[in-house]
Amino acid sequence: MSVFVRSSLNKALDLLYGKGDAETAYKKLQELYNKFPQNEELLTSYLASSVKVNPEEARCIIQKNLADVEGIHLASIDLDLQNKDLISADARIQTALNLWPDSLLINCRKIMCLKAMSDELQEPDLLEQATEILVSMPEPKNKLESSFLHKVQCEIY
């Protein structure tokens, strides 16, 4: 990835996760994705913004991309969580964890799903499971993982 593309991607991710400006990030990531649709990191980032701004577009991209790309699985899980389809989200999480068992981002989704199920079902055991996963999480490798881990910590504690 060129320095310019990397810089543009980092700025868009800062807008999305750092500043909470999903609309602007979505537009910037859309431009980058349209130029480099085969780049997995751009696809993952664009899908993350699409889930927030244009979920229907995220669904279309997911349906067109049948490869086992972590970002596609993450976006599918996020759409289910957003729609409160916790059974589907949990099934997708299990599939993704079979492919990427050490993925901090997928494990964060597992924690979010367990928390939502605990709230809905009033089952404290599910929250305890979420906490156990949280305390065993590896150190984040990048800003995106740090952001998600912080978000999950705030929801659990």
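Model, not experiment: these values are computed from the prediction.

Thresholds, definitions, all that
- Numbers given to residues run from 1 along each chain, matching the order in which its sequence is written.
- A pLDDT threshold of at least 70 governs which residues receive local features in this predicted model, and a stricter bar of 80 or more applies before side-chain atom pairs are shown or counted, although totals over entire chains, interfaces and linings include all residues.
- For side-chain calculations, the full set of non-hydrogen atoms in the structure is used, while hydrogens and water are omitted.
- Helical segments are the DSSP runs of H or I of at least four residues, strand segments are the runs of E of at least two, and each set is numbered from the N terminus.
- Here the globule rule reads 2.2 Å times residues to the power 0.38, and the radius of gyration is calculated from C-alpha atoms.
- The cut-offs for exposure are 20% and 50% of the maximum accessible area for each residue type, with area from a 1.4 Å probe on protein chains only; residues under the lower value are buried, those over the upper are exposed, and the others partly exposed.
- Any pair of residues with heavy atoms lying within 4.5 Å of one another is described as a contacting pair.
- Computed by Shrake-Rupley with a 1.4 Å probe, the accessible areas treat only the displayed protein chains as cover when residues are assessed.
- A residue counts as positive if it is Lys or Arg and as negative if it is Asp or Glu; His and the chain ends are not included.
- By convention, the point assigned to a charge is CZ for Arg, NZ for Lys, CD for Glu and CG for Asp.
- Any two of the Phe, Tyr and Trp rings considered here, Trp counted by its six-membered ring, make a pair once their centres fall within 6.5 Å; the pair's planes then place it as stacked at under 30 degrees, edge-to-face at over 60, or tilted in between.

Examining the overall build of the protein
Consideration 1: When you go through the protein residue by residue, the secondary structure sums to 9 helices and 0 strands.
Consideration 2: Mapped from its N terminus to its C terminus, the protein presents α and β elements in the order α-α-α-α-α-α-α-α-α.
Consideration 3: Relative to the compact-globule value of 15 Å for 157 residues, the protein shows a C-alpha radius of gyration of 15 Å, a close match.
Consideration 4: Over its C-alpha atoms, taken along the principal directions, the protein stretches across nearly 45 × 30 × 25 Å.
Consideration 5: Counting all 157 residues of the protein, 43% fall into the buried class.
Consideration 6: Counting only contacts in the protein whose residues sit at least 6 apart along the sequence, the fraction spanning at least 24 positions is 53%.
Consideration 7: Counting only carbon and sulfur atoms, one obtains 51% of the accessible surface of the protein, whose full area is about 8800 Å².
Consideration 8: Charge-centre separation for the protein: the mean point of 17 positive side chains lies 9 Å from the mean point of 24 negative side chains.

What to know about the packing of aromatic side chains
Consideration 1: Per the counting criterion, the structure on display carries 3 aromatic pairs.
Consideration 2: Measuring from ring centre to ring centre gives 5.7 Å for Tyr 26 and Tyr 46, while their planes differ by 20°; the resulting arrangement is stacked. Highlighted residues: Tyr 26 in helix H2 (residues 22-35) and Tyr 46 in helix H3 (residues 40-53), separated in sequence by 20 residues.
Consideration 3: Relative accessible area serves as the criterion here: at 8%, Tyr 26 is assigned to the buried category.

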